[in-house]
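Fold and geometry: a report
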Amino acid sequence: MNYSYELLKKWDFDYIWHPFTQMAEYKQKDPIIIEKGEGSYLIDVQGKRYIDGVSSLWVNIHGHNRKEINDAIIQQLQKIAHSTMLGIANVPAILLAKKLIEITPKNLNKVFYSDNGSTAMEVALKIAYQYWVNKGDKQRTKFVTLKNGYHGDTIGAVSLGGIDLFHAVYKPLLFETYSVSSPYCYRCPFKLSFPSCGLECLNELEDTVKKHKAEIAAISMESTIQAAGGMIVLPPGYMKGAREIADRYQIPLILDEVAVGFGRTGKMWGCEHEGIAPDIMAIAKGITGGYLPLAATLVTDNIYEAFEGDFTKTFYHGHSYTGNPLGCVAALACIDIFERENTLEKLKMKIEHLSKRLKEFWELKHVGDIRQKGFIVGIELVRNKETKEEYPYHERIGFQVIYKAREKGVIIRPLGNVIVILPPLSINIKELDKLLDVIRWAIREVTEK
Ligand SMILES: *Cc1c(COP(=O)(O)O)cnc(C)c1O
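Residues numbered from 1 in each chain as written. Predicted model: local features only at pLDDT ≥ 70, side-chain atom pairs only at ≥ 80, totals over all residues. Heavy atoms only, no water.

Examining the environment of leucine 358
Stated precisely, the cut-off is as follows: Each helix corresponds to a stretch of at least 4 residues labelled H or I by DSSP, and each strand to a stretch of at least 2 residues labelled E; elements are numbered beginning at the N terminus. For each residue, the accessible area found with a 1.4 Å probe, counting protein chains only, is set against the maximum for its type, and the residue is called buried under 20%, exposed over 50%, and partly exposed in between.
Positionally, leucine 358 belongs in helix 13 (residues 343–362). In this structure leucine 358 comes out as buried when scored by relative accessible area, which is 4%. Between the alpha carbons of leucine 358 and glutamine 372 there is a distance of 9.0 Å; along the sequence they are 14 residues apart.

Rendered as structure tokens:
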């Protein structure tokens, strides 16, 4: 069973089509082929160790190969791996739903399972639409969304999103939304400075809702930060303002907590920073601590009650692996670690350390902006610091930096010209320092030499 690196590489190139990857570029490099994980590290088939600087794309929380989560899965595996949730229940799905209701904002009282962030958002938007239909209002076919948003890659989720690079090509397939300006302070759509920009964006949101209120099923946005859109932190008060607008016009608010949920921002849920709660909330990425695909869409009693009654009100949606028991026990073990180890308490000091260390990055010649929220960082590289002139796309400056970082044992991924840092919450200070040292070095190597 021990295949050589060369053979694995050949089969990788021969048989796999990688996501979000230009395969022609991918094949020009020796691929990293991961075999093992250990805490903050990924280990490849040749035994080289890399810090997992993006938590395997947001999902890893407590480190790789955690005994508690491994054991929970093994124990469950000896009982049953999967049974359907269509019309019957299973033990871990029940226990996890109860737990999720306890730890999420208190107006959210029902859990609808699916298996990834995109489906959690598909479920959210279908629920929002059918909520109105079930109440006898069939006119509400529109959603209010934010420009530059990202909610996943299925067609409904892409329709809610607005990142041209990923989404423009599918435009003919998408449904239309009322899309309003994103409060992107660094490149303010209104050329205002913070916080007036956020207020101006809220005014636009309110005007749009007011104008079209009879057609709108829900207001939908990413919680706290536009992640894939380049780590755009929403100005404080923005989500609260959106909540007030939703209330004023009695339209449900959908918050996508897929990326920021499970402690990423320093609090369990991003919306806690604003003291608000959505009517519908999508969670996924960190839910199983990065182990298994699982997601959930949580709703209020008010939303749920519109579906309970006769058959015409049924929510006809479900996936083969909905409420998968292995995923649910992994999620329970992941939440249990948060509670037993005081993960969020310990994270505070790491977030402070991270903020302090990021100050050094401001001094670099080609760092145009640094955005941080909790354990999420985006460092925007610019050709000219004064004019904020961007690096052209074809220079692939972000990719050059991450390839450089690999040489010194760090795996990260860029978003265009933005270097992303989001280590597992369990990373220790020494590892965090190494991660930052390597990234700083890689940025200088690529942009200053
Ligand atoms: C990643 C992401 C999704 C999609 O989740 P997948 O599990 O990749 O389908 C949805 N919303 C946000 C905010 C995300 O960051």
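Overview of unusual backbone geometry
In the Ramachandran plot, phenylalanine 262 falls in the positive-phi region, its phi being about 65° despite a non-glycine side chain. Summarising the element assignment, phenylalanine 262 is placed in the loop between strand 10 (253–256) and strand 11 (280–283). For asparagine 342, which is not a glycine, the phi torsion comes out positive at approximately 50°. Position of asparagine 342 relative to the elements: it lies in the loop between helix 12 (325–341) and helix 13. Here asparagine 342 falls in the partly exposed class, since its relative accessible area comes to 46%.

Description of the pairing of strand 12 (residues 295–300)
Stated formally: Strands pair, by our definition, only if DSSP identifies at least two bridges between them.
Across the six residues that make up strand 12, a large majority, six, are buried. The two faces of strand 12 match: Ala295, Thr297 and Val299 on one face and Ala296, Leu298 and Thr300 on the other face are all buried. Where strand 11 meets strand 12, four bridges bridge the pair, whose relative direction is antiparallel. Each bridged residue has a counterpart across the sheet, and for isoleucine 280 the counterpart in strand 12 is valine 299.

Examining the domain arrangement of the protein
Stated formally: Each domain's extent was defined by an automatic or database domain assignment. Contact between two residues is taken to exist if any of their heavy atoms lie within 4.5 Å; hydrogens are not considered. What gets called buried area is simply the loss in accessible area from a 1.4 Å probe that two parts show on being joined, summed for both. Salt bridges are identified by distance alone: a Lys or Arg side-chain nitrogen within 4 Å of an Asp or Glu carboxyl oxygen.
According to the domain assignment, the protein contains domain 1 (32–65 + 342–447) and domain 2 (70–341). A separation of 26 Å is found between the C-alpha centroids of domain 1 and domain 2. With 37 residues of domain 1 at the contact, the number on the domain 2 side is 34 residues. Summed over both sides, the interface between domain 1 and domain 2 buries roughly 2,800 Å², with carbon and sulfur atoms accounting for 60% of that surface. Seen at the junction of domain 1 and domain 2, the total is zero salt bridges.

Focus: the pattern of salt bridges
If you walk through the whole model with that rule in mind, you get 29 salt bridges. In this structure, arginine 440 and glutamate 360 form a salt bridge, with 3.7 Å as the shortest nitrogen-oxygen distance. Pair noted here: arginine 440 is in helix 15 (residues 429–448) and glutamate 360 is in helix 13, with a separation of 80 residues, a long-range link. Judged by its relative accessible area of 23%, arginine 440 is partly exposed. Residue classification places glutamate 360 among the partly exposed residues on the basis of a relative accessible area of 26%. For arginine 371, the salt bridge is made with glutamate 380, and the minimal N-O distance between the two is 2.7 Å. Taken as a pair, arginine 371 and glutamate 380 share a single burial class, namely buried. Sharing partners across several salt bridges, the network here consists of Arg66, Glu68, Asp336, Arg340 and Glu341.

Re the packing of helix 14 (residues 397–407) against helix 15
Which entries qualify depends on this criterion: Where helices are involved, their axes are fitted lines through C-alpha atoms of the stretch in contact, as for all axes, and angles between N-to-C directions lie from 0 to 180°. When an angle is under 35 degrees it counts as roughly parallel; over 145 it counts as roughly antiparallel; between 65 and 115 it counts as roughly perpendicular; any other value is oblique. Crossing handedness: left-handed means the near helix sits turned counterclockwise from the far one by under a right angle, and right-handed means the same turn made clockwise.
At a minimum axis distance of 8 Å, the contact between helix 14 and helix 15 shows a crossing angle of 125°. Taken together, helix 14 and helix 15 sit at an angle that is classed as oblique. Helix 14 and helix 15 meet at a crossing whose hand is right-handed. Across the interface between the two elements, Ile397, Gln400, Val401, Lys404, Ala405 and Glu407 of helix 14 pack against Val438, Trp441, Ala442, Ile443, Glu445, Val446 and Thr447 of helix 15.

Quick word on the packing of aromatic side chains
For clarity, the threshold we go by: Any two rings among Phe, Tyr and Trp, with Trp reduced to its six-membered ring, count as a pair given centres within 6.5 Å; such a pair is stacked if its planes are under 30 degrees apart, edge-to-face if over 60, and tilted if neither.
What the rule picks out here adds up to ten aromatic pairs. Centroid distance phenylalanine 112 to phenylalanine 315: 5.1 Å. Interplanar angle 70°. Geometry classified as edge-to-face. Here phenylalanine 315 lies in the loop between helix 11 (301–305) and helix 12 and phenylalanine 112 lies in strand 4 (residues 108–114), a separation of 203 residues in the sequence. On the accessibility criterion, phenylalanine 315 (14% relative accessible area) is buried.

Details of the confidence of the model for the protein
For the record, the criterion: Each residue carries a pLDDT value, the predictor's own confidence for that position, ranging from 0 to 100.
Confidence in the prediction for the protein averages 96 pLDDT; 98% of positions are at 70 or higher. Per-element confidence in the protein is highest for strand 11, whose mean pLDDT is 99, and lowest for helix 8 (residues 164–167), whose mean pLDDT is 81.

Brief notes about the sheet that holds strand 5 (residues 142–146)
Taken in spatial order, the seven strands of this open sheet run 4-12-11-10-7-5-6, and their pairing is mixed. What marks the edges here is a single partner per strand, and that holds for strand 4 and strand 6 (178–180). Averaged over all pairs of adjacent strands, the angle between their axes in this sheet comes to 20°, without regard to strand direction. Contacts between helix 10 (residues 238–248) and the sheet are confined to strand 5, strand 7 (216–222) and strand 10, with strand 7 contributing the most and set at about 170° to the helix.

So, a nonpolar patch on the surface
Selection rule: Patch membership is restricted to residues that have no salt bridge and whose relative accessible area is over 30%. Joining uses 9 Å for like charges and 5 Å for the nonpolar side chains Val, Leu, Ile, Met, Phe, Trp and Tyr. Accessible areas in this description were obtained via Shrake-Rupley with a 1.4 Å probe; residue shielding takes into account the shown protein chains only.
A surface patch of nonpolar side chains, about 530 Å² in accessible area, is lined by Tyr3, Leu7, Trp11, Tyr15 and Ile16. Summarising the element assignment, leucine 7 is placed in helix 1 (residues 5–15). Residue leucine 7 is classed as partly exposed on the basis of its relative accessible area of 31%.

Here we look at the site of the ligand
Short version of the rule: We call a residue near a molecule or strand whenever a single non-hydrogen atom of that residue lies within 4 Å of it. Any pair of N or O atoms that falls within 3.5 Å is considered a polar contact. Within protein, one atom must be able to donate a hydrogen and the other to accept it, and sequence-neighbouring residues count only if both atoms are side-chain atoms. Each residue is assigned to one class: nonpolar for Ala, Val, Leu, Ile, Met, Phe, Trp, Tyr, Cys and Pro, charged for Asp, Glu, Lys and Arg, and polar for all the others, Gly among them.
Inspection of the region around the ligand gives Asn116, Gly117, Ser118, Tyr150, His151, Gly152, Glu222, Asp256, Val258, Ala259 and Lys285 as its neighbouring residues. Interatomic distance of 2.8 Å between a backbone N/O atom of glycine 117 and an oxygen atom of the ligand. Measuring from an oxygen atom of the ligand, one finds a side-chain N or O atom of serine 118 at 2.5 Å. Within the complex, the protein chains bury 83% of what would otherwise be the 380 Å² of accessible surface of the ligand. Counted by class, the shell around the ligand contains three nonpolar, five polar and three charged residues.

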